[in-house]
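Structural description and commentary
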Amino acid sequence: MLPLRILYQDEHLVVVHKPSGLLVHRSALARGETQFLLQQLRDQLGQRVYPVHRLDRPTSGAIVFALSSTVAGLLSEAFSERHVEKGYLAVVRGKAPEQDRLDYPLREEDGTRPKAEMPAMPAMTDIRRLDSVELPVQVDRYPVARYSLVEAKPLTGRRHQIRRHLSRRGYPIIGDAKHGKSIHNRFFAEKLSAPRLLLAATYLAFDHPVLASRIQVSCALDDTMTALFHHLGWAGHLPLDSVRTPPLSAPSALPMP
C-alpha cells in the first residue's frame, strides 16, 4: 500500500490526504473491511492518532487527526461548533447555478434507526459553479450531456450533506450510487476512466488548538480526478498541496482553491 500523503504535521496534529474508497476507521456498517485510514496513518507515523471529524468512504481529500487525546478534544469541539472552514470540489450532472445557498433540512443517516424516524435537522451548503462542459454524446435522453464543476462549502455538518443537497437541487454528484443516476455514473466510469465519487475535500482552515496560528491547507486531487479535469478542460481549477499558518492576529483570507 502506498504511503499516505501528509499535508501538514507538527507535534500536536497531522493533516493527511484520504484516498477515495478508504474508511476512516472501523465501523459496524462496514464489517469485513481490513484497511482503515486511522490504522494506516498510525503505522506510517509510528504513533497513536485520534480522529476528530469524518469524510465519507468514497470522498477523498484533507482530513485532520490529533496526536493526543487532549488535542483531539479541542479539535472535536472546534469542528462541532463550526469553527472550521471546509471547501470541496464536485463534478455534477447538468449546468449548476452560478451561485446558490442550499438550505434544505436533512434527516440523519446513521443506521441506528429508520431515517423517517429521525428528526429533520437544519442544513446549509453554499455552492458556486466554477466551470461547465457540454459533451456531444447522448448519455441519457438528450443528444448532449452537460456537467459542471462545483465548489461547495458546507455551513453545517450533516451526514452526506453535500451529496444530498446537490441531488435535491437537481445536480447529483457523478459517481454517487445512492443519490445520483447510474447511467451517468457508468458513462464516467467506462468512457472517462473515473469510476469513483467525484467529490474531494480540497480546503481546510482552523485555529490551531495549541499554537497561536491559523492552519490553512489546500489539498491536490488524486490521479483519477486530475486526469479527468485535464480531459474536460478544467486544469486551471486544479488545487495544489499547500499550507499557510498565519498568526491568529492576522486576517485569515486564503482564497479557496
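Residues numbered from 1 in each chain as written. Predicted model: local features only at pLDDT ≥ 70, side-chain atom pairs only at ≥ 80, totals over all residues. Heavy atoms only, no water.

1. A word on the overall build of the chain
Within the chain, the secondary structure is distributed over five helices and 13 strands. If you line up the chain on its principal axes, its C-alpha atoms span 55 × 45 × 40 Å. Counting all 257 residues of the chain, 47% fall into the buried class. Counted over contacts in the chain with a minimum sequence separation of 6, partners at least 24 positions apart contribute 66%. (Helix = DSSP H or I, 4+ residues; strand = E, 2+ residues; numbered from the N terminus. Buried < 20%, exposed > 50% of the residue type's maximum accessible area, 1.4 Å probe, protein only. Contact = heavy atoms within 4.5 Å.)

2. A short note on the confidence of the model for the chain
Of the residues in the chain, 91% have a pLDDT of 70 or more, and the chain-wide mean is 91. Long-range and interchain partners of residues 250–257, a stretch whose pLDDT sits below 50, account for 17 contacts in this model, where long-range means more than four residues apart. (pLDDT = per-residue confidence, 0-100.)

3. Topic: helix H3 (residues 161–169)
Inspection of H3 places Gln161, Ile162, Arg163, Arg164, His165 and Leu166 among the buried residues, and these make up the whole buried set. At its buried positions, H3 is contacted by strand E5 (85–93), strand E6 (99–103), strand E7 (106–107), strand E9 (124–135), strand E10 (145–154) and strand E11 (199–207). Of the residues flanking the end of H3, it is Gly170, one or two places downstream, whose phi is positive at about 100°.

4. Here's the deal with the pattern of salt bridges
Applying the stated criterion across every chain, the model contains 12 salt bridges. Asp241 serves as the salt-bridge partner of Arg5, at 2.8 Å between the closest nitrogen and oxygen. Of the two residues, Arg5 sits in strand E1 (residues 5–9) while Asp241 sits in the loop between helix H5 (223–232) and strand E13 (242–244), which places them 236 residues apart along the sequence. The exposure class assigned to Arg5 is partly exposed, which follows from its relative accessible area of 29%. (Salt bridge = Lys/Arg side-chain N within 4 Å of Asp/Glu carboxyl O.)

5. Some details on the pairing of strand E2 (residues 13–18)
Of all the six residues making up E2, six are buried; the element is thus mostly covered by neighbouring parts of the structure. The alternating pattern of E2 places Leu13, Val15 and His17 and Val14, Val16 and Lys18 on opposite faces, both of which are buried. Between E1 and E2, which follow one another and run antiparallel, lie three residues. Sheet topology places E2 next to strand E4 (residues 60–66); six bridges connect them, and they run antiparallel. Within E4, the residue paired with Val15 across the bridge is Val64. (Pairing = 2+ DSSP bridges.)

6. Description of the pairing of E1
Across four bridges, the pairing between E1 and E2 is antiparallel. When the bridges of E2 are listed, Arg5 appears paired with His17.

7. Details of the side chain of Asp176
Tracing the backbone shows Asp176 in the loop between H3 and helix H4 (182–191). Taking relative accessible area as the criterion, Asp176 reaches 1% and is therefore assigned buried. Those residues in contact with Asp176, other than ones at most four positions away along the chain, are Arg163, Lys181, Asn185 and Leu197.

8. Some thoughts on the packing of aromatic side chains
For any pair of aromatic rings, the description rests on two quantities: the centre-to-centre distance and the angle between the ring planes. Applying the stated criterion across every chain yields a total of four aromatic pairs. With 4.8 Å between their ring centres and 85° between their planes, Tyr147 and Phe188 make a pair best called edge-to-face. Note that Tyr147 is positioned in strand E10 and Phe188 in helix H4, a separation of 41 residues in sequence. An aromatic cluster of three or more residues is present, and its members are Tyr147, Phe187 and Phe188. Looking at Arg168, its charged tip hangs above the ring of Tyr104, at a distance of 4.4 Å from the centre. (Phe/Tyr/Trp six-rings, centres within 6.5 Å; stacked < 30°, edge-to-face > 60°. Lys NZ or Arg CZ within 6 Å of the ring centre and 35° of its normal.)

9. Quick look at the nonpolar core
Residues Phe65, Val92, Leu166 and Ile173 are the most contacted members of the largest nonpolar core, which totals 29 residues. Mapped by element, the contributors of at least two residues to this core are E2, helix H1 (37–45), E4, E5, E10, H3 and E11. With near-sequence residues (within four places) excluded, Val92 lies in contact with Arg146, Tyr147, Ser148, Val150, Leu166, Tyr171, Pro172, Ile173 and Ile174. Formed by 22 residues, the second largest nonpolar core is a distinct cluster that contains Ala145, Phe188, Leu198 and Ala200. (Core = buried A, V, L, I, M, F, W, Y, C linked by side-chain atoms within 4.5 Å.)

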